[in-house]
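Here are the chains, one letter per residue:
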Amino acid sequence: MPPCPDFTVGAGDYVCIVGPNGAGKTTLLKCMAGLLRPLSGTLVLAPGLADGGIGYVPQQGPLQRDFPASVREVVQSGCQARRGWRPFYTGLERRRAAEAMERLDIAPLAKRCYRELSGGQRQRVLLARALCGECRLLLLDEPTTGLDPEATAEFYGLLRRVNASGQAIAMVTHDRSGSLAAASCVLTLGPDASFERRTSHV
Amino acid sequence: MSETFAEYLSYPFVRNALVAGTLISLCAALLGVPLVLRRLSFIGDGLSHVAFGAMAVAGAMNFADTMALSLPVTVGAALVLMRSGRGAKAGGDAMLAMLSVGAMAAGYLVMNLKPSSSNVSGDVCTTLFGSVSILTLTTFDMWLSVGLAASVCALWLFAYHHIFDMTFDEAYARASGAGVALFNTVSAVVVAVVMVISMRLVGTLLVSSLLVVPAVAAMRVAKSFRAVCVVAAAFTVTCSASGILVAVVAGTPVGATIVATDIAAFLVMSAAGRFVR
């Protein structure tokens, strides 16, 4: 089993998870999201984090790329964690969705169809969906895969803004150059496993 | 013309067929939307073949109502298929193809070895393509379909957001604590029940069209999930009702007429979709 060093993600942290293919980056993220059970070792979540405190942005599947859903529908589905068996969204949930779209500059796209968006816009929609819950920790799995350099830079800018407003971020990434600049911690998996807390990040 | 329709509608069996047929196709269309979007349309087809095999065996065993056997068998097959569909790896579709053909062959063999009537090929044809038996539906059958449609619509309304979530992004739904396994089980059971019941309407070979065509047609013009559901429902109600009426008036086979109407309407929607885009 690939080694994983001890690490903590505190409030407001920005953790980049790097390492070669097969080192277990996505697996680690899925464990943190509660999708997988760790085979060994322990994972301790702060109180309240387990129910609705984690916003997960998975890698995009092929199914979603031609899904007929409006942007608003996708973002609102982020409120799902706290809803039961009601046919409609509450006003509060609608407002949260609207706020999340405002925050990520996608409010004008609300009525557009998800499948007509560019890759960068789709990532923002998925990010807005994750922010729609009462999220305190964002988990992102290679969010910039397939984006052009410009869209990638914009996306990192948004993440910084989100992070600055207090949400902790843990992001799996291949793109060391762009993402590490903003990171407060770097978790490396694989042969050179390490956890490094940087003192002088921007 | 309207007098002819009025005359036909005065017969209770025509009304029963119209109500039951329309409501059952409404159920199928609603259930078909997530199936098509999750790339599971082929499961409907596979299930219908399994149900055919089960019906043939039940007929040979002289079951009074073949549904007593075909319903549990189809539900079981649906549970297995939907579970494996989740991790659909290479070979999943090949397995399904084998299951489909195997069930068909077994059913046909049993029907020939132990014929329940003297007219085997007539029986086979009826099972595959539906029959005029929709016109023999009783008032009880009609109320059964009303109950079925009411439960499916209620389920749809109250689980709408869950359905959206599971369909759009199962991993995310799972991470936010939704009961994905429960959802898959419930939808497998409901799909199987609707399949078995609607088989009496259009027959084994045509039943998957009730699941698939409305959703695909709706996706041509609609741009949101809600619109897809609404358009698919309206599409199927219109097509099934007019298909049944045409079949009754023109004396054509009911199942094939409904499917032909569906396909024709689908082509119209595709053309319309080009203008909408």
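Computed from a predicted structure; not experimentally measured. (Residues numbered from 1 in each chain as written. Chains lettered and ligands numbered in written order. Predicted model: local features only at pLDDT ≥ 70, side-chain atom pairs only at ≥ 80, totals over all residues.)

Caption draft 1: Spotlight on the overall build of chain A. Helix and strand content of chain A: six helices and six strands. N-terminal to C-terminal, the α/β element order of chain A is β-α-β-α-α-α-β-α-β-α-β-β. The C-alpha radius of gyration of chain A comes to 17 Å, within 12% of the 17 Å expected for a compact globule of 202 residues. Dimensions of chain A along its principal axes, counting C-alpha atoms only, are 45 × 35 × 35 Å. Classification of the 202 residues of chain A by burial places 42% in the buried group. (Helix = DSSP H or I, 4+ residues; strand = E, 2+ residues; numbered from the N terminus. Rg over C-alpha atoms; globule rule 2.2 N^0.38 Å. Buried ≥ 20, exposed ≤ 12 C-beta atoms within 10 Å, placed from the backbone.)

Caption draft 2: Seen up close, the overall build of chain B. A tally of regular secondary structure across chain B gives 13 helices and zero strands. Along chain B, helices (α) and strands (β) appear in the sequence α-α-α-α-α-α-α-α-α-α-α-α-α when read from the amino end. Taken over C-alpha atoms, the radius of gyration comes to 19 Å for chain B, in line with the 19 Å a tight globule of 277 residues would show. Across its three principal axes, chain B shows a C-alpha extent of roughly 55 × 50 × 30 Å.

Caption draft 3: Looking closely at the environment of Val-254 of chain B. Residue and element names in this part refer to chain B. Looking at the element boundaries, Val-254 is found in helix H13 (residues 254–276). Overall, Val-254 belongs to the buried group, with 26 C-beta atoms counted inside 10 Å. Once the C-alpha coordinates of Val-254 and Ser-240 are considered, the two residues, 14 residues apart in sequence, prove to be 9.5 Å apart.

Caption draft 4: Representation of helix H12 (residues 225–250) of chain B. With 26 residues, H12 of chain B should reach 38 Å at 1.5 Å per residue; the first-to-last C-alpha distance of 37 Å fits that figure. Following H12 of chain B by one or two positions, Gly-251 of chain B has its phi on the positive side, about 70°. (Expected span 1.5 Å × (residues − 1).)

Caption draft 5: Expanded view of the interface of chain A and chain B. Each side of the interface is counted separately: chain A has 21 residues, and chain B has 26 residues. Across the side of chain A that touches chain B, the residue classes break down as 13 nonpolar, five polar and three charged. (Contact = placed C-beta atoms within 7 Å. Nonpolar A, V, L, I, M, F, W, Y, C, P; charged D, E, K, R; others polar.)

Caption draft 6: Structural detail: the packing of helix H2 (residues 12–37) of chain B against H12 of chain B. Residues and elements named next belong to chain B. Orientation of H2 relative to H12, taken along the N-to-C sense of each, is 150°, at an axis distance of 8 Å. It follows from the interaxial angle that H2 and H12 lie roughly antiparallel. With respect to the hand of their crossing, H2 and H12 are arranged in right-handed fashion. Across from Val-14, Ala-17, Leu-18, Gly-21, Thr-22, Ser-25, Leu-26, Ala-29, Leu-30 and Val-33 in H2, the residues of H12 making contact are Val-228, Cys-229, Ala-232, Ala-233, Thr-236, Val-237, Ser-240, Ala-241, Ile-244 and Val-248. In terms of residue class, the contact of H2 with H12 is built from 15 nonpolar, five polar and no charged. (Axes fitted to C-alpha atoms, helices over the stretch in contact; angles between N-to-C directions. Parallel < 35°, antiparallel > 145°, perpendicular 65-115°, else oblique. Left-handed = near helix turned anticlockwise from the far one by under 90°.)

Caption draft 7: Expanded view of the confidence of the model for chain B. The predicted model of chain B averages 83 in pLDDT, with 92% of residues at 70 or higher. Predicted as a complex, the structure gets a pTM of 0.84 and an ipTM equal to 0.81. (pLDDT = per-residue confidence, 0-100.)

Caption draft 8: Here's a closer look at the sheet that holds strand E4 (residues 168–172) of chain A. Residue and element names in this part refer to chain A. Pairing is mixed in the open sheet, where six strands are placed in the order E2-E3-E4-E1-E5-E6. In the strand order of this sheet, the two ends are held by strand E2 (54–57) and strand E6 (194–197), each with one partner. On average, each strand axis in the sheet is tilted by 15° relative to the strand beside it, whichever way the strands run. Where strand E1 (residues 14–18) lies against strand E5 (residues 185–188), four bridges are found, and the strand directions are parallel. The residue of E5 that forms the bridge with Val-15 is Cys-185. Seen against the sheet, helix H4 (residues 119–132) touches E2 and strand E3 (137–141) and runs at an angle of roughly 165° to E2. (Pairing = 2+ DSSP bridges.)

Caption draft 9: Just unusual backbone geometry, in detail. Within the chain, Glu-142 of chain A stands out as a residue other than glycine whose phi angle is a positive 40°. Along the polypeptide, Glu-142 of chain A turns up in the loop between E3 and helix H5 (149–164). In this structure, Arg-39 of chain B is a non-glycine residue whose phi angle is positive, near 60°. Note that Arg-39 of chain B resides in the loop between H2 and helix H3 (41–60). Look at Arg-39 of chain B and you get partly exposed, because 13 C-beta atoms sit within 10 Å.

Caption draft 10: Local environment of the pairing of E6 of chain A. Residues and elements named next belong to chain A. Direction of pairing for E5 relative to E6: antiparallel, over a ladder of four bridges. Bridge pairing in E6 links Cys-185 to Arg-197. If you look at the hairpin formed by E5 and E6, you'll find five residues sitting between the two strands, and Gly-190 has a positive phi there, around 100°.

Caption draft 11: Representation of the environment of Ala-256 of chain B. All names here are of chain B. Residue position: Ala-256 is located in helix H13. C-beta crowding within 10 Å serves as the criterion here: with 17 such atoms nearby, Ala-256 is assigned to the partly exposed category. As for Ala-256 and Ser-198, which are separated by 58 residues in sequence, their C-alpha atoms are 13 Å apart. In contact with Ala-256, other than residues within four places in its own chain, are Phe-129 and Leu-206.

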